[in-house]
Every structure is written in C-alpha cells, then in structure tokens.
Amino acid sequence: MFPKLAMCNFIPDNAELLRFAREHGFSGIDWTITLDCLPDSVLEEARLQSMISGFQDLEIRYHCAFRDTDLGDEDDSKAAMAMENFRKASRVIAGLGGRHMTVHLGLGRKSPAGLSWNRTLRKLASLVDYAGELGICLCLENLASGWSSRPELFEKLIRKTGASVTLDIGHARVSPSVQSQIYELVDFVSPHSERVRNAHIYHEEIADQHVAPRAVDDVRRRLDLLGTIGCDWWVLELRREAPLLQTLEVVRQYLDETPQGPLLAVGNAAAKQRDAL
C-alpha cells in the first residue's frame, strides 16, 4: 500500500551510494545515464554491469538524460544519431536486466525550434516498440518547458506513440500551462493515469535547480494524486544530500499521516490495469 522510495545515483562512489541508500531506507535507485557515460564497448558494458551487480537488494530503473539529443530533430543526421543512441541505451539497459527507461523530448533546449512534431511522433513510437521488444517499458517525462510541458500536447505524445509516463511533479508545478491556470496538474495524468509508471518528487524547479519542499503542504496535493492513480515508484529527485534528506523527511511525514498507505483503492485498480499492459 506504500510506494517504493528511490534516490538518484548522485554519489560517485558506488560503495558510498549503496551505504547511503541502505542507511536511509531507500528501496531503489534511479540510475542516470548520460551520453558521456553510455557504454561504447563490450568492456565498458561489463564494467557497468559489475557496478550494478552490487545493488542487487535495490530495484534499479534507468533515466536517460541525453541533452540536445532529439528523435525529431529537423536535421536528418542528428535525428538518426539520436535514434542510434537511444537504441544503444535500450540494449545496454536490457543487458543490465532493466525494465524501465525514462527519456525526454527537448532536453537542453529553450524551445522546440528545430524539432519536427510529426517526425518526433514517428520516431518515438518506433523507439517505444524497439524498447518493448527488449522487455523495457519506455517512459516519457514531462519537462518544465517545450511540448511535454503542455498537458494537451503531452497527452498526444503519449496516446500517439504508446509511451508510458514519468510524471515530474516539480516540472508540472512550473509548467507555463499550469502557472497560467489554463490547465492543472491532474491534466498531465487524467487521460492516461494507468500509464504513469514513475514519479519524480521535489517541490519545484528554479533556474534548472530542484528545490526541496519545506513542509508536507508544499507537495500534499500532488502526492495525493500519485496515490489516487496508483503510482508506486517515487524518485526523490534531489542530487545533493541535504535537500534530499529534507525531501525524504517531508515524504515520510506525509506517509505517516496516511497509515493505510497512499495507494488508494482506485489506485490499486489502476495499477492492476497498468501491469496488464
């Protein structure tokens, strides 16, 4: 009835990362892969496999933070290279035994200029199928700007490509569509709540920095929503120790206030439907 709480792999020393995760009771690691650390050889894959093997008692899901790498780039060569990098990441993650992979559209861009909407839909749908054949659930994260920051476009991206969802509650809070009150947070999930597989938990993003909540009320309504839809993987997406532990304290206080667990009956039904996909 309670979600699994995960942290990012922001501690460079893997032994220290594992010690920290165990000491503070985390159940999983949201493992970020960048283009710089994407294995480029069998030897590099073996090294990554060796690192991951030390975390056997924790669930690991993967987060592909590929900046300025877009499937829908209007430049043919850049779009082709993006697809190759995402396919390579899919193969690597499958080889590690991973089953969830989060990707972005427009990461590192200030606007969608230079991107093709139709090419994005075609290529993302193709990548969803490719990852699925490898046993990976590919999830699209909503960003603070760009197409995925607009609920009406995010819905189309999910519906037309078959992708699942990583809901970033901090990005959603600062979305121009939400700030202007044209849409609400729930509009990021209501058309496809059964497809929300992961959540990124923090208060909001300011100047590309994730800010920790100061109190439960900062995030209560958003955490309530996650419970209602049955999302049971909560990544506390802070990459410094003090803000992370502050967020952990707030989230645990929230969970303590809901002793029956936040995954309500409707959430359990959604989870069953989701797992059947």
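Up top is the structure these notes are about.
The following refers to the structure shown. It should be emphasised that the depicted structure is a prediction, and the values quoted were computed from it without experimental measurement. (Residues numbered from 1 in each chain as written. Predicted model: local features only at pLDDT ≥ 70, side-chain atom pairs only at ≥ 80, totals over all residues. Heavy atoms only, no water.)

A closer look at the packing of aromatic side chains
Condition: Centres within 6.5 Å are what make two rings of Phe, Tyr or Trp a pair, Trp counting through its six-membered ring; a difference in plane orientation under 30 degrees is then read as stacked, over 60 as edge-to-face, and the rest as tilted. Runs of E in the DSSP output that reach at least two residues are strands. Runs of H or I that reach at least four are helices, and both are numbered from the N terminus. Residue exposure (1.4 Å probe, protein chains only): buried if accessible area is under 20% of the type maximum, exposed if over 50%, otherwise partly exposed. Criterion for a charge above a ring: Arg CZ or Lys NZ at most 6 Å from the ring centre, at most 35 degrees from the ring normal.
According to the stated counting rule, one finds six aromatic pairs in the structure shown. With a centroid separation of 5.1 Å and 90° between ring planes, the pair formed by Trp-117 and Trp-147 is classed as edge-to-face. Here the residue Trp-117 occupies a position in helix H4 (residues 117–133), and Trp-147 occupies one in the loop between strand E5 (137–141) and helix H5 (151–161), the gap between them amounting to 30 residues. Taking the relative accessible area as the measure of exposure, Trp-117 reaches 23% and is therefore partly exposed. By relative accessible area, which is 14% here, Trp-147 ends up buried. Over the ring of Tyr-130 we find Arg-87, and its NZ or CZ is 4.7 Å from the ring centre.

Quick notes on H4
How we decide: In this scheme, a helix's expected span is set at 1.5 Å multiplied by one less than its residue total. Residues are treated as being in contact if the distance between any of their heavy atoms lies within 4.5 Å.
Helix length check: H4, at 17 residues, gives a terminal C-alpha distance of 25 Å against a target of 24 Å (1.5 Å per residue), a fit within 8%. For H4, the full list of buried residues reads Arg-119, Thr-120, Leu-121, Leu-124, Ala-125, Leu-127, Val-128, Tyr-130 and Ala-131. Those residues of H4 hidden inside the fold are in contact with helix H3 (76–95), E5 and H5. Looking one or two residues beyond H4, the residue adopting positive phi is Gly-135, at roughly 85°.

A closer look at the layout of surface pockets
Counted only if it meets this: Throughout, the protein atoms alone are placed on a 1 Å grid, and a set of points is a cavity if a 1.4 Å probe fits but cannot get out or a pocket if it is open with protein on both sides within 12 Å along at least five of seven lines; lining residues have an atom within 4 Å of a point. Grid points are joined across faces, edges and corners, and a volume is the space filled by probe spheres set on the points. Amino acid classes used here: Ala, Val, Leu, Ile, Met, Phe, Trp, Tyr, Cys and Pro are nonpolar; Asp, Glu, Lys and Arg are charged; the rest, including Gly, are polar.
Its boundaries defined by the atoms lining it, the largest pocket holds a volume of some 770 Å³. Among the residues forming the lining of the largest pocket, the class breakdown is eight nonpolar, ten polar and nine charged. By volume, the second largest pocket amounts to about 460 Å³. Forming the walls of the second largest pocket are 13 residues, and the residues nearest its centre are Val-178, Glu-184, Leu-185, Arg-221 and Arg-222. Secondary-structure elements contributing two or more residues to the lining of the second largest pocket are helix H7 (176–179) and helix H8 (216–229). Element by element, the count of residues in the lining of the second largest pocket is highest for H8, at five residues.

Nothing here speaks to function; it is all geometry.
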